[in-house]
Amino acid sequence: MLESFQNVVVNHGGWMLQVFLIVTATVTVHQTLRFLLKKLAKRVESTTTEWDDALYYAASKPLGWATWVVGLTWAGQVIYGATRSDPNAPTQVFEHVGTIREAFVIVILAWFGLRLITSFEQIVSSSKSRDKYKRWDIATAMAVGKVLRASVTITALLVLLQVFGFSLAGVLAFGGIGGIAVGFAARDLLANFFGALMLFIDKPFTVGDWIRSPDREIEGTVESIGWRVTLIRTFDQRPLYVPNSSFTTLSVENPSRMLNRRIYETFGVRYDDFNSVKAIVDDIREMLRNHEAIDLERTLMVNVVSYGDFAVEFFVYTFTKTTVWTEFHEIKEDVLLKIGEIVHRHGADFAYPTQTLHLADHIGPERS
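Along each chain, residue indices are assigned from 1 in the same order as the chain's sequence is written. Only residues with pLDDT of at least 70 are given local features in this predicted model, and only at 80 or more are side-chain atom pairs given and counted; all residues enter the totals for whole chains, interfaces and linings. Only hydrogens and water are set aside; all other atoms, that is, all heavy atoms of the structure, feed into the side-chain values.

Once that is clear, we can look at helix α8 (residues 277–289). The numbering of helices and of strands both runs from the N terminus, where a helix is a DSSP run of H or I of at least 4 residues and a strand a run of E of at least 2. Multiply 1.5 Å by the residue count of a helix minus one, and that product is the helix's expected span. An ideal rise of 1.5 Å per residue puts 18 Å on 13 residues; α8 measures up with 19 Å between its terminal C-alpha atoms. Each residue is placed in one exposure class: buried if its accessible area under a 1.4 Å probe, protein chains only, is under 20% of its type's maximum, exposed if it is over 50%, and partly exposed if it falls in between. Considered for burial, the residues of α8 that qualify are Val277, Ile280, Val281, Ile284, Arg285, Met287 and Leu288. The arc enclosing the buried residues of α8, seen along the axis, measures out at 160°, which places them on a common side. When checking whether two residues touch, look at their non-hydrogen atoms; a contact exists if any pair is within 4.5 Å. Residues of α8 that are buried sit in contact with β5 (261–269), β6 (301–307), β7 (312–320) and α9 (325–345). What the arc covers is the set of directions going from the helix axis to the C-beta atoms.

In structure tokens form, the structure reads like this:
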């Protein structure tokens, strides 16, 4: 074998020079391309648009690999063309270099497409672009990105099968028959898949929303919506993985989309302070109307509702402007403290459960 290779070297020195020149040109083109890409990166960063950044990110690495693939496979074709007449030459390994080059080109194009889709997803869902692309929320961007990535991957695999000599008609026919079997065997998987589609289309919640279900013990912040499960981070920081099919039958509350938060509390003052109740209720109502954190476009009610067992009861029903949970409790605390100040300013006090025991002055004659 070694002697055969030596004969090839001696008898075909011309093609070896040609291969050397091709490899040298490939290295030169690759280094030149790297230099130009570095220059281009500075120009791209200086522009305000984000799409040229996405295109640069998607093409930079695939272009470098494409240079090596084209150059080295070209050299391999030259080697095979010069030595194919000798069946004993070790260079017969380059017989399929054309097929290999086509396969690599397909993989590189698919790689470019996947990187471009990732950039697209990041642009339309980033906080900087949210105002410019209002129709794209995080969940929609993720859904479109996953569909596009799946399409590119499947298309690339089918074309690769065609390049390696497999019949696409046979592959598709086998896929049709196998799809029926897989459908029966993976009903839960398909149910979760269509559940994810429902979430992406109906959008009952998106990534970052705080949700809860009154049907089950599900409450937390949505971190990701996958094709099979949705990841919810509970308030004690535990990850909760919920199959997407569950959301087709669950009732889900989305507090993140609340317009206001409600303050609804009932108070009771002593019967001894009955004469001050009207003034107390009026002052509390006026205090709420002047409170900067209360939404006056919503219902505001302060009314006496009943005579309780030990108190005259009135209720406060109003809404805050904020929906942020922590801010709401600060506002509610301020309102409750001001209500207490108003009650005490009128010389009244809140009632608490008491009992009054009346003893008769005369029990009756003693029995002998």
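Here three strands make up an open sheet; going across it, the order is β5-β7-β6 and the pairing antiparallel. In the strand order of this sheet, the two ends are held by β5 and β6, each with one partner. Put simply, the sheet's adjacent strands are angled 20° from each other on average, direction ignored. Bridge count for β5 against β7 is nine bridges, and the pairing is antiparallel. Pairs of strands are assigned from DSSP output, requiring at least two bridges between the strands. Lines fitted to C-alpha atoms define the axes here, with helix axes fitted over just the stretch in contact, and angles between the N-to-C directions of these axes take values from 0 to 180 degrees.

Burial analysis of β7 places eight of its nine residues in the buried class, which makes it a mostly covered element. Relative to β7, β6 runs antiparallel, the two being bridged by six bridges. Within the sheet, the bridge partner assigned to Val304 lies in β7 and is Phe314. Joining the antiparallel neighbours β6 and β7 is a turn of four residues.

One open sheet accounts for four strands, arranged β1-β2-β3-β4; its pairing is antiparallel. The sheet is open, and its two borders are formed by β1 (210–213) and β4 (239–243), each paired with just one other strand. Each adjacent strand pair in this sheet contributes to an overall mean axis angle of 45°, direction not counted. Where β1 and strand β2 (residues 218–225) come together, four bridges link them in antiparallel fashion. The residue bridging Ser213 from the neighbouring strand is Ile218, located in β2.

So, about a nonpolar patch on the surface. A cluster of nonpolar residues, Leu17, Phe20 and Leu21, forms a patch on the protein surface that exposes about 330 Å² of accessible area. Relative to the helices and strands, Phe20 resides in helix α2 (residues 13–46). What makes Phe20 exposed here is its relative accessible area of 53%. A patch consists of residues whose relative accessible area exceeds 30% and which take part in no salt bridge; residues with like charges are grouped when within 9 Å of each other, and nonpolar side chains (Val, Leu, Ile, Met, Phe, Trp, Tyr) when within 5 Å. Each accessible area is a Shrake-Rupley result for a 1.4 Å probe, and residues are judged covered by the shown protein chains and nothing else. Definition used for salt bridges: Asp or Glu carboxyl oxygen within 4 Å of a side-chain nitrogen of Lys or Arg.

Let us look at the pattern of salt bridges. Going through the model one piece at a time under the given rule, you end up with nine salt bridges. We note a salt bridge from Arg238 to Asp236, for which the minimum N-O separation is 2.8 Å. Sharing partners across several salt bridges, the network here consists of Lys278, Asp282 and Arg285.

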